[in-house]
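Observations on the model geometry
Residue-level listing of the chains:
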Amino acid sequence: MKAILLVAVVVLIQGSYATLLIKGPTEPVLEGEMIKLECLYSDSDLNISQVHFEVFSKYMQGWRPVWERSYCYSFVQIQRTSDSVVLSIPHAGSYNDGPYRCVSYADNVTEPDNSTQPLNVKVHYMGELSLIREGYNRYLGIPQNLKVRLGDDVVVKCSASSSEEPSYYWYKEGSDWIMPSSSLTLRKVSAMEDGQYTCMAKHPSVESLNKKRTISITVLPEDASWYESTNGRLMLMTSAAAAALIIFILSVSMYVYRRAKQTRTTKGPIDDRSQKKPIYKASAESLPSTCGDKQPLV
């Protein structure tokens, strides 16, 4: 008897919990593909108009409603029918990744029947490769042709934003040389290291997601001038920019100083010689009068 009651309670709980359903992709979605989710009731007469989508925000650490929007690269469309609500995202991006659920805002529906189990939507993506030379600011980037002096050390780091940590390796064009690392390290370069080097990044879960970027390393001869290398040109450009900034600051300072000096020298006692000048009634300086007179007032 107890076993029958237990089975009946489990069936009742499962039946009540399964009234609100969410359908969506069961496998990861690639960036740029469409995401389509659907909310619907099963074996129930509850009003679907009170059902909305929610997504879990990892930044806010909580659930927030999903609204229809259309701007820039973010496009979300919500369509309602008599028995379902459909959420469509034509071009999935990394920002669409996360758990989704359907929630009913109806007053006569209480937890846990007012929401579905979260459906995790995984979006696989990989951004463009970024190359940074060790010891340099990442905002400076790296030129397509890196010129180094004989005997210099070259360390170039390769990275990319991805849904999962990619596997990196470097290889040299026209050679079987391969380095399974995100960093290209060449110590005390010689003319033998001259050539083109390519960084390849592969996604661990999606074989079609891979990126590569190639740079050319030119080893200058021993008698080359210091400014012919990439380091020398960078130092030259930085020095020129600093000199131009100093000249600009000095020019502005001199201008402000001369203006202030000119203002101080032009100031002085009020010139009241005009008050000693005779004023005639018929002159332009006199006040309007009904009669004329050529005798001075003062």
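Data block above holds the structure.
What you see is a predicted model, and the numbers here were worked out from it, not measured in a lab.

Quick word on unusual backbone geometry
- Phi angles above zero are rare outside glycine, and Gln 61 is one such case at about 55°.
- Its location among the elements puts Gln 61 in the loop between β4 (51–57) and β5 (62–65).
- The backbone phi angle of Lys 188 is positive, close to 50°, even though this residue is not glycine.
- For Lys 188, the position within the fold is in the loop between β17 (183–186) and β18 (195–202).

A short note on the sheet that holds strand β8 (residues 84–89)
- The strand order across the open sheet built from 5 strands is β1-β3-β8-β7-β6, with neighbouring strands paired in antiparallel fashion. With one partner strand each, in any of the chains shown, β1 (20–23) and β6 (69–71) form the two edges of the open sheet. Each strand of the sheet is rotated relative to its neighbour by a mean of 15°, with strand direction disregarded.

Side note on the packing of aromatic side chains
- A complete count under the given rule lists 3 aromatic pairs for this structure.
- Look at Tyr 169 and Tyr 171: their rings are 6.3 Å apart centre to centre, the planes differ by 35°, and that puts the pair in the tilted class.
- For Tyr 169, a relative accessible area of 22% translates into the label partly exposed.
- The exposure class assigned to Tyr 171 is buried, which follows from its relative accessible area of 18%.
- Sitting over the face of the ring of Trp 63, Arg 101 holds its NZ or CZ atom 4.3 Å from the ring centroid.

Section: the state of the cysteines
- In this structure the tally under the stated criterion is 2 disulfides.
- In this model, Cys 39 is linked to Cys 102 through a disulfide, with the two sulfur atoms separated by 1.7 Å. Across the S-S bond linking Cys 39 and Cys 102, the dihedral sits near -85°, which makes this disulfide left-handed. With Cys 39 in strand β3 (residues 35–41) and Cys 102 in strand β9 (residues 98–104), this residue pair connects regions lying 63 residues apart in the sequence. Accessibility assignment for this pair places Cys 39 and Cys 102 in one class, buried.
- With its sulfur 2.1 Å from that of its partner, Cys 158 forms a disulfide with Cys 199. The sign of the S-S torsion, about -95°, decides the handedness of the disulfide formed by Cys 158 and Cys 199: left-handed. With Cys 158 in strand β14 (residues 154–159) and Cys 199 in strand β18, the pair connects residues that are 41 residues apart, well separated along the chain.

A closer look at the layout of surface pockets
- Here the largest pocket defines a volume of roughly 360 Å³.
- In this structure, the largest pocket is lined by 16 residues; those nearest its centre are Lys 58, Tyr 59, Ser 94, Tyr 95 and Asp 97.
- Among the elements that make up the lining of the largest pocket, the one with the highest residue count is β4 (3 residues).

What to know about the sheet that holds strand β16 (residues 178–179)
- Across the sheet, which stays open at both edges, the 5 strands sit in the order β13-β19-β18-β15-β16 with mixed pairing between neighbours. Two strands close off the open sheet at either side, each with one partner strand: β13 (145–149) and β16.
- The sheet contact formed by β18 and strand β19 (residues 210–220) spans 8 bridges and is antiparallel. Its bridge partner lying in β19, Cys 199 is registered against Arg 213.

Here we look at the environment of Pro 28
- Checked against the element boundaries, Pro 28 lands in the loop between β1 and β2 (29–30).
- Judged by its relative accessible area of 47%, Pro 28 falls in the partly exposed class.
- Considering only alpha carbons, one finds Pro 28 and Val 121, 93 residues apart in sequence, at a separation of 6.7 Å.
- Beyond its immediate sequence surroundings of up to four residues, Pro 28 is in contact with Lys 122 and His 124.

A few points about the pattern of salt bridges
- Tallied over the entire structure, the rule returns 3 salt bridges.
- Across the pair Glu 54 and Arg 101 runs a salt bridge whose closest N-O atoms are separated by 2.9 Å. Taken together, the positions of Glu 54 in strand β4 and Arg 101 in strand β9 put the pair 47 residues apart, joining distant regions of the chain. The pair formed by Glu 54 and Arg 101 is uniform in burial state, with each residue classed as buried.
- Between Asp 153 and Arg 187 there is a salt bridge, with its nearest N and O atoms 3.7 Å apart. Taken together, the positions of Asp 153 in the loop between β13 and β14 and Arg 187 in the loop between β17 and β18 put the pair 34 residues apart, joining distant regions of the chain.

Procedures and definitions
Residues numbered from 1 in each chain as written. Predicted model: local features only at pLDDT ≥ 70, side-chain atom pairs only at ≥ 80, totals over all residues. Heavy atoms only, no water. Helix = DSSP H or I, 4+ residues; strand = E, 2+ residues; numbered from the N terminus. Pairing = 2+ DSSP bridges. Axes fitted to C-alpha atoms, helices over the stretch in contact; angles between N-to-C directions. Phe/Tyr/Trp six-rings, centres within 6.5 Å; stacked < 30°, edge-to-face > 60°. Buried < 20%, exposed > 50% of the residue type's maximum accessible area, 1.4 Å probe, protein only. Lys NZ or Arg CZ within 6 Å of the ring centre and 35° of its normal. Disulfide = S-S within 2.5 Å. 1 Å grid on protein atoms, 1.4 Å probe; cavity = no way out; pocket = protein on both sides within 12 Å on 5 of 7 lines; lining within 4 Å. Points joined across faces, edges and corners; volume = space filled by probe spheres on them. Contact = heavy atoms within 4.5 Å. Salt bridge = Lys/Arg side-chain N within 4 Å of Asp/Glu carboxyl O.

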